[in-house]
Amino acid sequence: MGLLSNRVDRASLKPGDHIYSWRAAYVYAHHGIYVGDDKVIHFTRRGREVGTGTVLDILLVSSGPSQTLVPCETCTPPEEGHGVVSSCLNCFLAGGILYRFEYSVNKALFIAKARGGTCSLADSDPSDVVVHRANYLLENGFGCYNVFKNNCEDFAIYCKTGLLVLDEGAIGQGGQAVSIVGGPLAAILSTPLRFLTTNIYGMAASALVVYCASRYAADIGSGMRRDVVKVSAEELTRRLANGLLQVIEPPNLPAPGS
């Protein structure tokens, strides 16, 4: 496993693998669960890989794969009301490179990773359980998409572990979102350390330490979180249906170029 990510070939894939592919300029990665027969189940925002409901979507959509006007015959369009979809591996990758998300990594390797969204300290459940969760959520949904609180990585991590981050009734966030927030946050939090050194390299090292520590503490497998619970897919959808779990979806904005 490399320090940046774990590139794999198609022949090595097994049902239940959590896979992902970086989009243009490594702005973000799209995650999903490989369920066999060249199929991937993944979570989208009404068919789009990512969205915030803000002007940031202009950057995200431009970094994502281009949308073809001819639908793929083997891919399943999203059901009304939720964005869990089944796609062939080619459509999921959209011309990108295939990577496998790793679980049960050791602490040293996790901390050494330059960016979140590639591995977790948490243990994965058996592959048949993972595939069951993905297929169940394909039929029943995973709530509203939210790029920071309930995204494609959160979906894949839940399928692999059955773990949810519950904070006042809201589903939590995965490592990719933590990295996006954690970088600037680390720079802010390390500012008081400027009094300990006037060297720019020392300040950069201080920011890196804060960033790595925040990533470690935020991981669902670190043992430091008290808001992580194990929930079955059936119980998850029951809670969503009854309003016991709520994710606020950003408002719709016109699509870029419309």
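Conventions and cut-offs
- Residues numbered from 1 in each chain as written.
- Predicted model: local features only at pLDDT ≥ 70, side-chain atom pairs only at ≥ 80, totals over all residues.
- Heavy atoms only, no water.
- Helix = DSSP H or I, 4+ residues; strand = E, 2+ residues; numbered from the N terminus.
- Buried < 20%, exposed > 50% of the residue type's maximum accessible area, 1.4 Å probe, protein only.
- Contact = heavy atoms within 4.5 Å.
- Axes fitted to C-alpha atoms, helices over the stretch in contact; angles between N-to-C directions.
- Parallel < 35°, antiparallel > 145°, perpendicular 65-115°, else oblique.
- Left-handed = near helix turned anticlockwise from the far one by under 90°.
- Nonpolar A, V, L, I, M, F, W, Y, C, P; charged D, E, K, R; others polar.
- Core = buried A, V, L, I, M, F, W, Y, C linked by side-chain atoms within 4.5 Å.
- Pairing = 2+ DSSP bridges.
- Salt bridge = Lys/Arg side-chain N within 4 Å of Asp/Glu carboxyl O.
- Phe/Tyr/Trp six-rings, centres within 6.5 Å; stacked < 30°, edge-to-face > 60°.
- Lys NZ or Arg CZ within 6 Å of the ring centre and 35° of its normal.

Caption draft 1: Expanded view of the overall build of the protein chain. Across its full length, the protein chain holds eight helices and eight strands. Evaluated residue by residue, the protein chain yields a buried proportion of 46% over its 258 residues. Of the contacts made within the protein chain by residues no fewer than 6 positions apart, 69% connect residues no fewer than 24 positions apart.

Caption draft 2: Here's a closer look at the packing of helix α4 (residues 127-140) against helix α8 (residues 233-241). Axis separation between α4 and α8 bottoms out at 10 Å; the angle between their running directions is 25°. When the axes of α4 and α8 are compared, the pair comes out roughly parallel. Classified by chirality, the crossing of α8 by α4 is right-handed. Note on element contacts: α8 touches α4 through Ala 233, Glu 234, Leu 236 and Thr 237, opposite His 132, Arg 133, Tyr 136, Leu 137 and Asn 140. For the contact of α4 with α8, a count of residues per class yields four nonpolar, three polar and two charged.

Caption draft 3: How the structure looks around the nonpolar core. Residues Phe 142, Phe 155 and Leu 236 are the most contacted members of the largest nonpolar core, which totals 22 residues. In terms of residues, this core owes the most to one element, α4, which gives five residues. Not counting chain neighbours up to four residues away, the residues in contact with Leu 236 comprise Leu 137, Phe 142, Tyr 158, Leu 164, Val 231 and Leu 245. Counting ten residues, the second-largest nonpolar core is a separate cluster that includes Tyr 20, Tyr 103, Ala 122 and Ile 157.

Caption draft 4: Geometry of the pairing of strand β3 (residues 39-43). Summarising burial for β3: four of the five residues are buried, a large majority. Alignment of strand β2 (residues 29-36) against β3, held across three bridges, turns out to be antiparallel. Along β3, the bridge assignment pairs Gly 36 with Lys 39. Connecting β2 to the next strand, β3, in antiparallel fashion are two residues, including Asp 37 with a positive phi near 55°. Bridge count between β3 and strand β4 (residues 84-88): five bridges; the pairing is antiparallel.

Caption draft 5: View of the packing of α4 against helix α5 (residues 152-161). Where α4 meets α5, the closest approach of the two axes is 7 Å, and the angle between their N-to-C directions is 135°. Compared by their axis directions, α4 and α5 come out oblique. Here α4 and α5 pass one another in a crossing that is right-handed. From α4, Val 130, Arg 133, Ala 134 and Leu 137 reach across to α5, where they touch Phe 155, Tyr 158, Cys 159, Lys 160 and Thr 161.

Caption draft 6: Looking closely at unusual backbone geometry. Residue Asp 37 is not a glycine yet carries a positive backbone phi of 55°. Summarising the element assignment, Asp 37 is placed in the loop between β2 and β3. Exposure remark for Asp 37: the relative accessible area of 73% places this residue in the exposed category.

Caption draft 7: Looking closely at the pattern of salt bridges. Counted according to the given criterion, the structure contains seven salt bridges. Taking the shortest distance from any N to any O, the salt bridge between Glu 102 and Arg 100 comes out at 3.7 Å. Using a relative accessible area of 18% as the deciding quantity, one classes Arg 100 as buried. In this structure, Asp 125 and Lys 230 form a salt bridge, with 2.9 Å as the shortest nitrogen-oxygen distance. Within this pair, whereas Asp 125 is found in the loop between α3 (107-112) and α4, its partner Lys 230 is found in strand β8 (residues 228-230), the two being separated by 105 residues in sequence. Salt bridges here are not isolated pairs; linked through shared partners, they connect Asp 17, Arg 100 and Glu 102.

Caption draft 8: Structural context of the sheet that holds β3. In space, the five strands of this open sheet follow the order β4-β3-β2-β1-β5, with antiparallel pairing throughout. A single partner strand is all that each edge strand has here, and the edge strands are β4 and β5 (99-100). Of the strands in this sheet, β1 (18-22), β2, β3 and β4 touch α5, which is tilted by about 35° from β2.

Caption draft 9: Spatial organisation of the packing of aromatic side chains. Evaluation of the coordinates by the stated rule reveals nine aromatic pairs. Consider the rings of Tyr 20 and Trp 22, whose centres lie 6.1 Å apart with planes at 90°: the pair is edge-to-face. A residue is classified by how much of its surface remains accessible, and Tyr 20, at 0% relative accessible area, is buried. Members of the aromatic cluster, connected to one another through ring pairs, are Phe 43, Phe 142, Tyr 145, Phe 155 and Tyr 158. The lysine or arginine in question, Arg 133, covers the ring of Tyr 158, its NZ or CZ lying 5.8 Å from the ring centre.

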